[in-house]
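# What the coordinates show
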Amino acid sequence: MTATTIPESNPHSLKQGDFLTVTDALTGESDRRVVASVKENPLQGSADQLQRGDIWQVVPKEPPPLVLTDEPQALAMWPRHLYDNLPAWNASLLKLALQRTPAHAWAAYRDPNRPPEAPSPQMLIGSALHAMLLEPDDWHEQFTAIPEDAPKRPTEKQLTDGADSRPGTKARQAYEDAHKRERWWHEFDQRCARATVLATADFDLALQLRAAVEAHPGLGPLFRPEHRPLNELTLTWFDPVTGHRCKVRLDGLRFTGSELRVLDLKSAADAGPDPFGKSAAGFGYVLQGSFYIDGVDACRDAIAALLGLPPGALDGVPIVFEFVAIEKEKPAPEFIGRYFMTEPQVDLGRRLYRKALEMVASAQSLDYWPGYDTAPVPLTLPAWYERQMEALL
């Protein structure tokens, strides 16, 4: 446990759920609090009401240790890094194994020496939207923006040129200005060391997209703060056919009384029925949806326990999988599409993921993850190409 005085050391390491012991510098009185939320600058109106001169002590709140059992489990508000480390198959690995090869799946998800993935700006916007909408108390820790009035980051040359110049000269002023900007960026980098920094325009767009979902007449009520425990819900179970452990992380799960509805957020260039259907085909969303549905089905009693219901209370309750397609360039409720999977689509997705499970189960048991054929194979041309070329003859 550490103690310090604000502002000599700003409590940038504070996070939601930490315990605080706050001692008033004048009266000496102390009281223990739990951080409800932490804004970018805790000295300017954070929920714990810390004051300049207060002494704070932090006891980090760690999640309870996960004990994997042979029974299906539902883990509410489980951190993403712990989900990623669960030794189980997920939909992303299965899609890659089926659409490419098992070798691609191993390289992307199992190779211990794989390089970290560098997300694109569009991926960062999507991740920020997920955090803002699904983790309303925590997202400030994960994402921030470069302020519009941020000074230009100085170059190495600017930090050295003019060091020996006389005071008052332009060269000296430029040197001092470069070091002033360097100090600003050093403080910013320290303050945001644990957060992903987005461009201001991208950060604002994520906020606008969140507002569009919250203003949607049908979706807004499904993403109110009281639903937070069933956002980012981790499920894990053993596949009854291969015997391998599986896992999913649901964006949202809602029990309406008559159905269990899985909500999956997708950002899209065009959220219309036909364009989004093409995206769903190209990105393997059908396999993902069926895998998630069967995960919920396997974990019914574990989910019931989270809802305060007795075992068996959710038996036979229909499971609906809904894609929430949000147009990235049009942050307004009217540009959000909602699509549920039909029974034939669920059946197709189930057959696809079962095939993928068989492939990765075989690869693991043989410790051999095959890639492309090593021998030459016939070239395959798209059917449309052959039709177009024939029309020219």
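Below you will find a few notes about this structure. (Residues numbered from 1 in each chain as written. Predicted model: local features only at pLDDT ≥ 70, side-chain atom pairs only at ≥ 80, totals over all residues. Heavy atoms only, no water.)

## Focus on unusual backbone geometry
For residues that are not glycine, phi is negative in most cases, and the peptide bond is trans in most cases. Of note in this structure, E232 is not a glycine but carries a positive phi near 50 degrees. By the element assignment, E232 lies in strand β8 (residues 231-238). Given the relative accessible area of 8%, E232 is considered buried. One non-glycine residue, D367, adopts positive backbone phi at about 55 degrees. Structurally, the position occupied by D367 is in the loop between α12 (343-366) and α13 (383-392). (Helix = DSSP H or I, 4+ residues; strand = E, 2+ residues; numbered from the N terminus. Buried < 20%, exposed > 50% of the residue type's maximum accessible area, 1.4 Å probe, protein only.)

## Quick look at the packing of aromatic side chains
The final tally for this structure, using the stated rule, is 15 aromatic pairs. Relative to F188, the ring of W185 lies with its centre 5.6 Å away and its plane at 80 degrees, an arrangement referred to as edge-to-face. Remark: F188 and W185 occur in helix α7 (residues 170-191); sequence separation between them is 3 residues, near one turn of the helix. Across the pair, exposure class does not vary: W185 and F188 are buried alike. Every member of this aromatic cluster is reached through a ring pair, and the members are F276, F283, Y285, Y292, F321, F323 and Y339. The positively charged end of K266 is found above the aromatic ring belonging to Y285, 4.2 Å away from the centroid. (Phe/Tyr/Trp six-rings, centres within 6.5 Å; stacked < 30°, edge-to-face > 60°. Lys NZ or Arg CZ within 6 Å of the ring centre and 35° of its normal.)

## Concerning the pattern of salt bridges
Inspection of every chain in the model, using the stated rule, returns 16 salt bridges. With a shortest N-O distance of 2.7 Å, D297 and R300 are connected by a salt bridge. The exposure class of D297 is partly exposed, given its relative accessible area of 40%. For R300, a relative accessible area of 11% gives the class buried. Salt-bridge contacts for E327 lead to K330; the nearest nitrogen and oxygen are separated by 3.6 Å. Looking at E327, the relative accessible area reads 10%, which means it is buried. Owing to a relative accessible area of 38%, K330 belongs among the partly exposed residues under this scheme. One network of salt bridges, in which partners are shared, links E259, R261, E322 and R338. (Salt bridge = Lys/Arg side-chain N within 4 Å of Asp/Glu carboxyl O.)

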